Amino acid sequence: MVRKSAALGLAALAAVVVLAMPGQASAGSKTKLFLRFATKSACTVHLNYPKEGVVANSTFTVPTGKTIVWRYNVNETWALISYQDRAHKQFPWWGFTKRDCIGKSIKQSDYPAGHPVPDKILEGRSRVASDGWRRVTFNVPAAPVAVHHKKVTRNATLRDDANFVIGNVKEGWHVDVTNVTRSNGHWVEVYVPNAKRWAYIERAALA
């Protein structure tokens, strides 16, 4: 089974297909995906969404006054963010933090400064949807497991079917692998016991 979707991610940008008439652009095609905000207090960022049963859930701290990228709100308390000072240098740079540490938007192209984080829950900015927002599948449906206890050979993000980050997995962890794939097999659905989460991972991250 192959699930096709637009691949949207700050760490690995892929082509985005936008349906529009020649010479025209939809509202969604102009959407700014990664909104930047200043932290108003220190943000503790969790590797995975903190819930019962999650283990090895390491954290890092974004100091007050630093810039973070807001991607979406999980609920009224938690948001998924990225701290670009760590990008491609320290893993992870995506993670979950409490929304109350995030201040107002900063000066940036195509988005006004001085605005709070959007109130939408489990919706992220998208250039695919005509209104500029797309639903986050935070709880990917379970699927039959084909291979149990497969070792992860490098740090990797966990994604939903629209490529929103919904967690992380560390090198050396083990996952249960299904036969459900998308993007021509580049992403494969797995269950991550440490994170208590079904999600897609890049196949190249598996042994």
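In this text, all values refer to a predicted model and were calculated from it rather than measured experimentally.

(A) Looking closely at the environment of Lys196. One can find Lys196 in the loop between β15 (187-192) and β16 (197-202). Judged by relative accessible area, Lys196 falls into the partly exposed class, the value being 36%. Residues contacting Lys196, with those up to four places away along its chain left out, are Lys51, Glu52, Gly53, Val54 and Tyr191.

(B) Geometry of the state of the cysteines. Inspection of the entire model under this criterion finds one disulfide. Bridging Cys43 to Cys101, the disulfide has an S-S length of 1.9 Å. Here Cys43 and Cys101 share a disulfide; its torsion about the S-S bond, 110 degrees, makes the bridge right-handed. In this pair, Cys43 is assigned in strand β3 (residues 43-46) and Cys101 in the loop between β7 (94-98) and β8 (102-105), connecting sequence segments 58 residues apart. This pair shows no difference in class: Cys43 is buried, exactly as Cys101 is.

(C) Examining the packing of aromatic side chains more closely. The full count for this structure, using the stated rule, is 10 aromatic pairs. Both rings, one in Tyr49 and one in Trp78, keep their centres 6.1 Å apart while their planes meet at 80 degrees; by these two values the pair is edge-to-face. Placement of Tyr49 in the loop between β3 and β4 (59-62) and of Trp78 in strand β6 (residues 78-82) is noted, with a sequence separation of 29 residues between them. A residue is classified by how much of its surface remains accessible, and Trp78, at 13% relative accessible area, is buried. Here the aromatic rings of Tyr72 and Phe138 are separated by 6.5 Å at their centres, their planes lie at 75 degrees, and the arrangement is edge-to-face. Remark: Phe138 occurs in the loop between β10 (133-135) and β11 (145-151) and Tyr72 occurs in strand β5 (residues 67-73); sequence separation between them is 66 residues. For the pair Tyr72 and Phe138, one class covers both residues: buried.

(D) Expanded view of the pairing of strand β2 (residues 35-39). Where β2 meets β5, four bridges bridge the pair, whose relative direction is antiparallel. For Arg36, the partnering residue across the bridge sits in β5 and is Val69.

(E) Representation of the pattern of salt bridges in the model. Going through the model one piece at a time under the given rule, you end up with two salt bridges. Here Asp119 makes a salt bridge to Arg99, at a shortest N to O gap of 3.9 Å. Of this pair, Asp119 sits in the loop between β8 and β9 (123-125) while Arg99 sits in the loop between β7 and β8; the two residues are 20 residues apart in sequence, bridging distant segments of the chain. What makes Asp119 exposed here is its relative accessible area of 64%. What makes Arg99 buried here is its relative accessible area of 18%. When the shortest N-O distance is used, the salt bridge between Glu202 and Arg154 registers 3.3 Å. Of this pair, Glu202 sits in strand β16 while Arg154 sits in the loop between β11 and β12 (156-159), and the two are 48 residues apart along the sequence. By relative accessible area, Arg154 is classed as partly exposed at 32%.

(F) Structural context of the pairing of β16. Among the six residues in β16, five count as buried, and that is most of the element. Note: β15 against β16, six bridges, orientation antiparallel. What sits directly across from Glu189, in β16, is Tyr200.

(G) The arrangement of the environment of His115 in detail. With respect to the helices, strands and loops of the structure, His115 is situated in the loop between β8 and β9. On a C-alpha basis, the gap between His115 and Lys104 in space is 5.0 Å, while along the polypeptide they are 11 residues apart. Setting aside anything within four residues of it in sequence, one finds His115 in contact with Phe37, Gly103, Lys104 and Ser105.

Quick notes on the rules
All residue numbers here refer to positions counted from 1 along the written sequence of the relevant chain. Totals for whole chains, interfaces and linings use all residues, but because this is a predicted model, local features are given only for residues with pLDDT of at least 70 and pairs of side-chain atoms are given and counted only at 80 or more. Note that water and hydrogens are dropped before the side-chain values are worked out from all heavy atoms of the structure. Only DSSP runs of H or I with at least four residues qualify as helices, and only runs of E with at least two residues qualify as strands; both kinds are numbered from the N terminus onward. In this scheme, a residue with accessible area under 20% of its type's maximum is buried, one over 50% is exposed, and one in between is partly exposed, where area comes from a 1.4 Å probe on protein chains only. Note on contacts: a residue pair is in contact if any heavy atoms of the two residues lie within 4.5 Å. Here, two cysteine sulfur atoms that lie within 2.5 Å of each other are counted as a disulfide. In summary, the pairing rule links any two rings of Phe, Tyr or Trp, Trp by its six-membered ring, whose centres are within 6.5 Å, and it sorts them by plane angle into stacked for under 30 degrees, edge-to-face for over 60 and tilted for everything else. In short, DSSP must find at least two bridges between two strands for them to pair. By convention in these notes, a salt bridge is any Lys or Arg side-chain nitrogen within 4 Å of a carboxyl oxygen on Asp or Glu.

Keep in mind these numbers describe shape, not what the thing actually does.
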